[in-house]
Amino acid sequence: MNDVLASLSNTGIAKQLGVPRVPVLRRHRPGDPLLAGPVLVASAGGAGGRFAKAVAAFVEENGQPVVGAAGEERLHGVVVDLSEARTLADLAAAQQLLTPAVRKLGPSGRLLLIGAEPADAFESGGAEAAAVAQALDGLVRSVAKELRAGATANLVVVAAGAPPVAIDSSVRFFLSARSAYVDGQVVHVAAPIGVLPEPAEVDDPLAEERPLAGRVAVVTGAARGIGASIADTLARDGATIVAVDVPAAGQRLADTANRTGGTALQLDITAADAADRLLTHLADRHGGVDLVVHNAGITRDKLLANMTADRWDAVLAVNLGAQLAINDALLAGGSPLREAGRVVCVSSQSGIAGNRGQTNYAASKAGVIGMVRALAPRFAERGATINAVAPGFIETDMTATMPLATREGGRRINSLRQGGLPVDVAEAIGWFGRAESGGLNGQIVRVCGQSMLGA
Amino acid sequence: MPASTRRAAVIGGNRIPFARANRAYAGASNLDMLTTTLDGLVARFGLAGERLGEVVAGAVLKHSRDFNLTREAVLGSRLNPATAAYDVQQACGTGLEATIAVANKIALGQIESGVAGGVDTASDAPIALNDDLRRVLVKLNAARTPLDRLKLVGQLRPGQIVPEIPQNSEPRTGLSMGEHAARTALEWGIGRTEQDELTVRSHRNLAAAYERGFFDDLLTPYLKLTRDDNLRADSSVDKLAKLKPVFGKGPDATMTAGNSTPLTDGAALVLLGSDEWAAEHRLPVLAHVVDAETSGVDYVHGGGACGADHQHGGGARGADHQHGPDGLLTAPVFAVPRLLERNGLSLQDFDLYEIHEAFASVVLVQRKAWEDARFCKERLGRDAPLGAIDDAKLNVAGSSLAAGHPFAATGGRIVATLAKLLRERADTEGRDQRGLISICAAGGQGVVAILEAKK
């Protein structure tokens, strides 16, 4: 990354001049404490939420005090459980908790709301309850825009049928430094799919350093950029990496494989027999696969008025067609996808917001979202899940070659006033990839620092 | 000590694309290429950090600084540095000889796994100091007094600045390999058209193999080269007919730059192991090394039809066979019958043949010699000729004429290619497959071997 403005804004002179600072985001490094300071954990509404107690225990297990209300000290996190909030009075109580709390939220602090599905709330509390549940959506998206110094705000919406343990991996992700560039997002958690690991294993602090230990992860497009970072990050978390890229990218692919202690598979994923070759490789060499990351993607930008069939077809084939074919094969009988298998697709903010000159790319990436939603129930039948991440402006070789004005626009037009790093995308994929994340299925999470585009 | 021997398995291979001299790899050393090729192999088979039994490789054109070339490549690679290594050199037979060395140790149970192959660069060829200058410099280094040094400096002459440029010629005859091959071609009456036809077939077979993705798991790109740059997919007999002969003289000259292999840079390695080691690592067994044989011919004193000049006569005194009219590159003609006899096989008992195309004429001479009743009786002591080889089974994925021929790398390329071809056929046809390798080498030597793939 070469974000000169961000570096300059953090100098003493800039501070004296009153230039707005581009915050330096806290990111996960192995060995660092999960939480950087005390966390306010509270609930508002009804008899108290279903999750506050478990979250408080989690914070204490990870070595930080829990407070019930904002006081004098800096807070690392604020978690308000509104899963039982049904009335406007409950919502007002939440405001009373949150207002002093956000003032005390420190740099790279975490605000996390837990809410109910509006439809579930309607069942138990009528229209007002449904409205209150939906109100959290507007609340969290707005407060995320108000927070400063790299702090983020996100909302976890939990289905009535989901046991408290279902949200553990999401709470852990959103409170940790791993979610540095995930801001203003709403994720829906339902009853977990697949067999959950023993709770003892989940709580083991040593195991937490390597949450993907024992899992085989295949990453397409792993030779460079975001794909290489995904491979590095998943390997750091304990996964065995099968790095896939086109034969022409073999030299860098070998670097990725060797760096991660994994294997390199040179494969053009658009070839007719690609899915077969990939799955055979996974079955023969690894006995199965736990995590499939569809990252490979290309751009062939042109205004639609000048678009050729070649450019259109190439982008759709790599970015969407190959994912469809491999997913079909993963769902077929005898596929090597194991119990608690996870498929994570890389979509794009362009697929949500659109982007001039990218009709082909945006169509493919929006298509990925449609595919994920359509296939979620089918993967669930197999005890597996499928989700997508949609990166916004991420600092890569590709964005480094953008014209300056476009690049600066992309960097600043989000709540964190900077581009994300490839590792931010990778961390979100690692979260979806955990066996404990079975409650997440058919979800699209943006890794965009709450970009204004398409929000 | 193990009671019995076992057959070493060929698990796979890796090579970098071969480049014509002074092109893509002009700036790369033997060590660079061998290390990269080793790392590509490590990545393909997930061997980062593994200790292998042994790595054996070599180069024909070798700098004095590269005295420990293969060990240095291991130390520069991602392999565990506890992996021992040594160099071998047998001219163009180096790669196959290295394979035999490793396979034999595996067969004896001395090691469980190993890597074999070679590297060569004609671009970065060593240039030695003028011998006169070298003698003076050595003495200067040993001189004790300033006066002694001054005397030695006084001995230096301008003519000593001219270095010893490496010659692509046989030390005992002063003739290049091409000139030798041209004489043998003339002697055996090998025509221009049949050489050009064989060349075209080589290019087309190699191009077709690339097209069907055959090399996806045999080759890792290097320095932006993704395919052998000598390959001419559109090669034709008509085009080749336009080339002027470069070896031989007069109207009878048939050997051109098209039907002769060019000087090439590149490296190739194969991974070998016991069946047990392969199974433990969940690695495939493509084929097994069945047996091997080497031979030498007296191309120096042959006189007669070969017509070699006796410039350095006397060097091969004591050779145990009669002086015959043997060509420099005809030694495999003698090795193959011995190998067949020992294994109770006829020349037709093979599903595939890999005959190194040092020059198209060399392949044609070998085939013609085995079909020649008188030659087979007089020189091979056989009642009947060995007979013909089916064109459709020869060098079916291309060979040196199309791919190029970095001397020590050719054996590794051929072993990995043949092993994979045999595996494909064994899988599709459901029966065992057998292949023959024949490589001619400078100095009048031949290295041949049999591979077999179980169904």
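Residues numbered from 1 in each chain as written. Chains lettered and ligands numbered in written order. Predicted model: local features only at pLDDT ≥ 70, side-chain atom pairs only at ≥ 80, totals over all residues. Heavy atoms only, no water.

1. A short note on the overall build of chain A
So the rule is basically this: Here a strand is any run of E in DSSP of at least two residues, a helix any run of H or I of at least four, and the numbering for each starts at the N terminus. C-alpha atoms define the radius of gyration in this analysis, and the globule rule sets the expected value at 2.2 Å times the number of residues to the power 0.38. Think of it in three bands: with a 1.4 Å probe and only protein chains considered, a residue is buried below 20% of the maximum accessible area for its type, exposed above 50%, and partly exposed in between. Per-residue accessibility takes into account occlusion by the displayed protein chains alone, with areas from the Shrake-Rupley method and a 1.4 Å probe. Counted as positive: Lys and Arg. Counted as negative: Asp and Glu. His and the chain ends are not counted at all. Lysine's charge is taken at NZ, arginine's at CZ, aspartate's at CG and glutamate's at CD.
For chain A, the count of helices and strands is 17 helices and 13 strands. Relative to a compact globule of 455 residues, whose C-alpha radius of gyration would be 23 Å, chain A shows 22 Å and is just as compact. Dimensions of chain A, computed from the C-alpha atoms along their principal axes, are close to 60 × 55 × 45 Å. Out of the 455 residues belonging to chain A, those deemed buried represent 55%. Accessible surface, chain A: about 17700 Å² in total, of which carbon and sulfur atoms supply 56%. Each charge sign in chain A was given a centre, from 41 positive and 44 negative side chains, and these centres are 8 Å apart.

2. Overview of the domain arrangement of chain A
Much of the literature gives interface size as the accessible area that the parts lose upon coming together. Residue and element names in this part refer to chain A. Rule in force here: Where each domain starts and ends comes from a domain assignment, either automatic or drawn from a database. Whether two residues touch is decided by their heavy atoms; if any such pair falls within 4.5 Å, the residues are in contact. The term buried area denotes the loss of accessible surface (1.4 Å probe radius) that occurs when two parts are joined, taken as the sum for both partners. A carboxyl oxygen of Asp or Glu within 4 Å of a side-chain nitrogen of Lys or Arg is what we treat as a salt bridge.
Per the domain assignment, the segments making up chain A are domain 1 (33–189) and domain 2 (208–447). Placing the centre of domain 1 and that of domain 2 at their C-alpha centroids yields a distance of 29 Å. Contacts between the two partners involve 20 residues from domain 1 and, on the opposite side, 25 residues from domain 2. For domain 1, the biggest contributors to the area lost against domain 2 are Ser169, Arg178 and Tyr181; these three give 42% of the whole. On inspection of domain 1 and its partner domain 2, the count reaches two salt bridges. Among the ionic pairs, Arg178 bridges to Asp237, the shortest N-O distance being 2.8 Å. Elements represented by at least two residues in the side of domain 1 that touches domain 2 include exactly helix H5 (118–146), helix H6 (168–175) and strand S6 (186–189). Per-element tally for the side of domain 1 that touches domain 2: the top contributor is H6, with five residues.

3. Quick word on the interface of chain B and chain A
Operational definition: Whenever two N or O atoms come within 3.5 Å, that pair is a polar contact, provided that in protein one can donate a hydrogen and the other can accept it, and provided that, for residues adjacent in sequence, both atoms are side-chain atoms. Residues are sorted three ways: Asp, Glu, Lys and Arg are charged, Ala, Val, Leu, Ile, Met, Phe, Trp, Tyr, Cys and Pro are nonpolar, and all the rest, Gly among them, are polar.
Tallying the contact residues gives 22 residues for chain B and 19 residues for chain A. Interface area for chain B against chain A, summed over the two sides, is near 1500 Å², with a carbon-plus-sulfur share of 46%. Of all residues in chain B, the largest losses of buried area upon contact with chain A belong to Ala43(B), Asp216(B) and Arg282(B), amounting jointly to 39% of the total for that side. Here chain B is connected to chain A by one salt bridge. One salt bridge in this structure joins Asp216(B) and Arg277(A), with 3.0 Å as the shortest N-O distance. Where chain B meets chain A, there are ten residue pairs in polar contact (both at pLDDT 80 or more). Counted by class, the side of chain B that touches chain A contains eleven nonpolar, six polar and five charged residues.

4. Section: the sheet that holds strand S2 (residues 66–67) of chain A
Residue and element names in this part refer to chain A. Worth spelling out the cut-off: In this description, strands pair whenever DSSP reports at least two bridges between them. Only C-alpha atoms enter the line fits that serve as axes; for helices the fit covers just the stretch in contact. Angles between N-to-C directions range over 0 to 180 degrees.
An order of S2-S1-S3-S4-S5-S6 is seen for the six strands of this open sheet, with the pairing classed as parallel. Whereas interior strands pair on both sides, the edge strands pair on one side only; in this sheet they are S2 and S6. As judged from the two bridges shared by strand S1 (residues 39–43) and S2, these two strands associate in the parallel manner. Residue pairing in the sheet places Val39 in a bridge with Val66 of S2. Helix H3 (residues 52–61) rests against S1, S2, strand S3 (75–81) and strand S4 (105–116) of the sheet, and its axis sits at about 165° to S1.

5. Some words on a nonpolar patch on the surface
Inclusion rule: Only residues whose relative accessible area exceeds 30% and that form no salt bridge are eligible for patches; like-charged ones are grouped when within 9 Å, while nonpolar side chains (Val, Leu, Ile, Met, Phe, Trp, Tyr) are grouped when within 5 Å.
On the surface, Ile413(A), Met452(A) and Leu453(A) cluster together into a nonpolar patch covering about 230 Å² of accessible area. With respect to the helices and strands, the residue Ile413(A) is situated in the loop between helix H16 (404–412) and helix H17 (422–433).

6. Quick notes on the nonpolar core
Nonpolar side chains tend to gather and get buried jointly when the protein is soluble and globular. So the rule is basically this: Residues enter a nonpolar core if they are buried and are Ala, Val, Leu, Ile, Met, Phe, Trp, Tyr or Cys, with the set joined through side-chain atoms within 4.5 Å.
Of all hydrophobic cores here, the largest spans 62 residues; its most connected members are Leu234(A), Val389(A) and Trp431(A). At six residues, the largest contribution of residues to this core is made by H17(A). Shared between two domains, this core takes at least three residues from each, and those domains are domain 1 (33–189) and domain 2 (208–447) of chain A. Leu96(B), Phe214(B), Leu272(B) and Leu421(B) belong to the second-largest nonpolar core, a separate cluster that totals 48 residues.

7. A look at the packing of aromatic side chains
Quick note on the threshold: Under the pairing criterion, centres of Phe, Tyr and Trp rings, with the six-membered ring standing for Trp, must be within 6.5 Å; the plane angle then separates stacked pairs below 30 degrees from edge-to-face pairs above 60, leaving the rest tilted. Two conditions define a charge sitting above a ring: the NZ of Lys or the CZ of Arg must be within 6 Å of the ring centre, and it must be within 35 degrees of the ring normal.
Following the criterion strictly, the structure yields eleven aromatic pairs over all chains and no others. Feature note: the residues Phe173(A), Phe174(A), Trp431(A) and Phe432(A) constitute an aromatic cluster, connected by ring pairs. Arg15(B) extends its terminal NZ or CZ atom over the ring of Phe18(B), reaching a point 4.5 Å from the ring centre.

8. Details of the pairing of strand S5 (residues 152–158) of chain A
Residues and elements named next belong to chain A. Across the seven residues of S5, seven count as buried, placing the element largely inside the fold. Of the two faces of S5, the one holding Thr152, Asn154, Val156 and Val158 and the one holding Ala153, Leu155 and Val157 are both buried throughout. Here seven bridges tie S4 to S5, and the two strands are oriented parallel to one another. Within S5, the residue paired with Leu113 across the bridge is Leu155.

9. Comments concerning the UniProt feature "active site" (unreviewed entry) in chain B
Residues and elements named next belong to chain B. Heads up, the condition is: UniProt positions are given in the numbering used here, feature names are shortened, and annotations may be inferred rather than shown by experiment.
The sites that carry the UniProt feature "active site" (unreviewed entry) are, in the present numbering, Cys92, His405 and Cys440. The named residues occupy 349 residues along the chain; their greatest pairwise C-alpha distance, 12.0 Å, places them in one compact cluster. By the secondary structure assignment, Cys92 is in the loop between strand S4 (85–87) and helix H3 (94–107). Position of Cys440 relative to the elements: it lies in strand S11 (residues 433–441).

10. Re unusual backbone geometry
In this model, Ser108(A) sits at a positive phi of 50°, which is unusual for a non-glycine residue. Relative to the helices and strands, Ser108(A) is located in strand S4. In this structure Ser108(A) comes out as buried when scored by relative accessible area, which is 4%. Of note, the phi angle at Leu223(B) is positive, near 45°, even though the residue is not glycine. Mapping Leu223(B) onto the fold places it in the loop between helix H7 (192–211) and helix H8 (237–241). A relative accessible area of 39% means that Leu223(B) is categorised as partly exposed.

11. Focus on the packing of helix H11 (residues 274–286) of chain A against helix H12 (residues 309–331) of chain A
Residues and elements named next belong to chain A. Counted only if it meets this: Oblique is the label for any angle not under 35 degrees, not over 145, and not in the 65 to 115 range, which are roughly parallel, roughly antiparallel and roughly perpendicular in turn. By the definition used in this description, the sense in which the near helix is turned from the far one sets the handedness, with an anticlockwise turn below a right angle giving left-handed and a clockwise turn giving right-handed.
The geometry of H11 relative to H12 is characterised by a closest axis approach of 9 Å and an angle of 50° between their N-to-C directions. Taken together, the axes of H11 and H12 lie oblique to each other. Viewed along their axes, H11 and H12 form a crossing whose handedness is right-handed. Contact residues: H11 offers Ala275, Leu278 and Leu279, while H12 offers Ala325, Ile326, Ala329 and Leu330. Of the residues contributing to the contact of H11 with H12, the split by class is seven nonpolar, no polar and no charged.

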